[in-house]
Amino acid sequence: MGRATRAIIDLSAICQNYRLAKSLTAGADAVAVIKADAYGHGAVRVALSMEPEVPAFGVACIEEAIEIRDAGVQKPILLLEGFFTADELATIAEKNFWTAIHRVEQIAMLEEAQLVTPVNVWLKLDSGMHRLGLDAPDYRQAYERLQACKNVSDIVLMSHLACADELDKPHTVQQAALFDQTVEGISAPHSIANSPATLAWPDLHRDWIRPGLMLYGASPFEEPQLNADKLLAAMTLESEVIAVHDLKAGEAVGYAASYVCEENTRVGTVAIGYGDGYSRHAGTGTPVIVNGQRTKIIGRVSMDMCAIDLTGLENVDVGSKVELWGAQLSVNEVARHCGTIPYTLFTGITRRVPRHYI
Ligand SMILES: *Cc1c(COP(=O)(O)O)cnc(C)c1O
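Residues numbered from 1 in each chain as written. Predicted model: local features only at pLDDT ≥ 70, side-chain atom pairs only at ≥ 80, totals over all residues. Heavy atoms only, no water.

Taking an unreviewed UniProt entry as the reference, the protein chain is identified by name as Alanine racemase belonging to Neptunomonas japonica JAMM 1380. UniProt annotates the protein chain under Catalytic activity (unreviewed entry) with the comment "L-alanine = D-alanine". On record in UniProt, under Cofactor (unreviewed entry), the comment for the protein chain is "pyridoxal 5'-phosphate". (UniProt positions renumbered as here; feature names shortened; annotations may be inferred.)

(A) Up close: the site of the ligand. Neighbouring the ligand are 16 residues; Lys35, Tyr39, Ser195, Leu213 and Tyr343 lie closest to it. Taking His160, its side chain carries an N or O atom lying 3.5 Å from a nitrogen atom of the ligand. A distance of 2.9 Å separates a nitrogen atom of the ligand from a polar atom in the side chain of Arg210. Bound to the protein, the ligand loses 92% of the 390 Å² it would expose on its own. Contributing elements (two or more residues each) for the shell around the ligand: helix H2 (35-40) and helix H9 (195-200). (Near = heavy atom within 4 Å. Polar contact = N/O pair within 3.5 Å; in protein donor to acceptor, adjacent residues only side chain to side chain. Areas by Shrake-Rupley, 256 points an atom, 1.4 Å probe, with all protein chains shown as cover. Helix = DSSP H or I, 4+ residues; strand = E, 2+ residues; numbered from the N terminus.)

(B) Molecular detail of the packing of aromatic side chains. For the structure on display, the rule yields seven aromatic pairs. An aromatic cluster of three or more residues is present, and its members are Tyr39, Tyr216 and Tyr343. (Phe/Tyr/Trp six-rings, centres within 6.5 Å; stacked < 30°, edge-to-face > 60°.)

(C) Here's a closer look at the packing of helix H6 (residues 104-112) against helix H7 (residues 136-148). In contact at an axis separation of 10 Å, H6 and H7 are set at 15° when each is read in the N-to-C sense. One element, H6, and the other, H7, form an angle in the roughly parallel class. The way H6 lies across H7 gives a crossing that is left-handed. Here Val104, Ile107, Ala108, Leu110 and Glu111 of H6 come into contact with H7, specifically with Ala142, Arg145 and Leu146. Residues that form the contact of H6 with H7 fall into these classes: six nonpolar, no polar and two charged. (Axes fitted to C-alpha atoms, helices over the stretch in contact; angles between N-to-C directions. Parallel < 35°, antiparallel > 145°, perpendicular 65-115°, else oblique. Left-handed = near helix turned anticlockwise from the far one by under 90°. Contact = heavy atoms within 4.5 Å. Nonpolar A, V, L, I, M, F, W, Y, C, P; charged D, E, K, R; others polar.)

(D) Up close: the UniProt feature "domain: Alanine racemase C-terminal" (unreviewed entry) in the protein chain. Residues given the UniProt feature "domain: Alanine racemase C-terminal" (unreviewed entry) here are residues 234-358. Regarding residues 234-358, the helix share stands at 12% and the strand share at 36%, and the terminal C-alpha atoms are separated by 10 Å.

(E) Representation of helix H3 (residues 43-50). Turning to H3, its buried residues number three or more, namely Ala43, Val44, Val46, Ala47 and Met50. Taken around the axis of H3, the buried residues stretch over an arc of 165°, which confines them to a single face. On its buried side, H3 packs onto helix H1 (11-23), strand S2 (29-33), H2, strand S3 (56-59) and helix H4 (62-70). (Buried < 20%, exposed > 50% of the residue type's maximum accessible area, 1.4 Å probe, protein only. Arc of directions from axis to C-beta.)

(F) A look at the sheet that holds strand S5 (residues 97-101). Strand order in the open sheet made by the eight strands is S8-S7-S6-S5-S4-S3-S2-S9, with parallel pairing throughout. Of all strands in the sheet, those bounded by a partner on one side alone are strand S8 (190-191) and strand S9 (208-209). Where strand S4 (residues 77-79) lies against S5, three bridges are found, and the strand directions are parallel. For Ile77, the partnering residue across the bridge sits in S5 and is Phe97. This element, H1, spans S2 and S9 of the sheet and lies at about 145° to S2. Contacts from helix H8 (residues 171-183) reach strand S6 (119-125), strand S7 (152-159) and S8 within the one sheet, and its direction differs from that of S7 by about 145°. (Pairing = 2+ DSSP bridges.)

(G) Quick look at the pattern of salt bridges. Tallied over the entire structure, the rule returns 14 salt bridges. The residue Glu111 makes a salt bridge to Arg145 at a minimum N-O spacing of 2.7 Å. Linking Glu111 in helix H6 with Arg145 in helix H7, this pair joins segments that are 34 residues apart in sequence. Note on Arg145: relative accessible area 28%, which makes it partly exposed. Among the salt bridges present, the one from Arg352 reaches Asp276, with a minimum N-O distance of 2.8 Å. Taken as a pair, Arg352 in the loop between helix H11 (342-348) and strand S18 (355-357) and Asp276 in the loop between strand S13 (265-270) and strand S14 (287-290) lie far apart in primary sequence, 76 residues in all. Relative accessible area serves as the criterion here: at 38%, Arg352 is assigned to the partly exposed category. (Salt bridge = Lys/Arg side-chain N within 4 Å of Asp/Glu carboxyl O.)

Encoded structure:
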């Protein structure tokens with residue numbers, strides 16, 4: 001009934017990708033990163049299904065954490081961006097959230113707070129990405145203040161990598177060296193690895209990995225990579241053909257009439273567009289799968305629809321299923337055609353697209 005556009009989410013694939021992440025390490029723990037609504041997969045459903053095997057979840061901010069906690073998830077939830085204002089601290093303590101600390105001002109707020117219970121903090125070093133984190137010369141003193149603070153329970157030493165997906169750049173090695181030099185002699189767990197580091201930088205697994213993207217079955221790398229190739233796609237984005245037109249050579253398709261048929265062309269109109277989060281940057285040639293057969297987008301993606309080439313395909317008509325990415329077509333390949341990364345495609349899927357869980 002109704003519009004057939006939907007995202008089918010395979011929760012068991014996410015759990016298997018999580019197990020793969022852990023299996024690559026020598027016994028590290030893993031925060032499952034489910035920020036941005038679990039990269040568009042639905043944070044509450046993903047968290048509830050993973051909870052039995054996940055020691056902690058990671059989100060960007062307290063609003064995301066509250067939604068997940070209020071839905072019944074009981075494991076600790078780490079705020080990767082930390083807290084912004086002192087009034088968040090009471091909620092952090094009450095709801096068993098963990099928080100990143102990336103500015104000295106946050107330490108002062110912690111010292112002055114009256115909390116029901118001390119909180120677990122992840123002290124972030126800016127090891128070279130220059131996004132969040134304390135500078136190396138300030139790090140040790142910050143650690144000592146946190147250690148002396150009555151409102152702090154455990155401390156994890158954390159940093160984030162800028163270039164872990166680019167294996168031949170020197171940045172990751174340099175960031176790791178600065179981290180190791182800065183924390184030398186401090187006895188506390190380390191956490192450095194995001195998905196690309198989990199997949200390809202074993203030396204950086206340490207005590208806690210923080211995989212995000214890989215849980216959803218997409219690769220953080222441009223090129224094929226041994227471990228990334230084992231990931232299972234968790235989201236299949238699909239719709240259906242809702243109209244078919246046989247066009248003659250010279251006739252045009254869609255807005256701006258930008259695609260002109262070179263020969264007689266059977267064109268299918270598909271009920272998905274950028275209003276659903278299917279990228280308008282998916283230009284002519286972007287692959288799609290219709291009834292198991294590979295074909296391509298033609299012309300401009302519009303808000304609610306797009307056009308595909310059905311010429312020469314078998315058993316295809318109004319009602320045929322169209323996969324935009326998923327089990328048969330990797331989101332990485334689509335992202336390349338769109339000049340973007342799987343992260344933006346996943347997080348761009350809008351509320352109009354119902355998620356179906358299997
Ligand atoms: C988003 C995020 C992650 C997960 O990154 P992926 O590349 O999706 O694995 C890990 N750590 C921090 C601090 C993050 O912000």
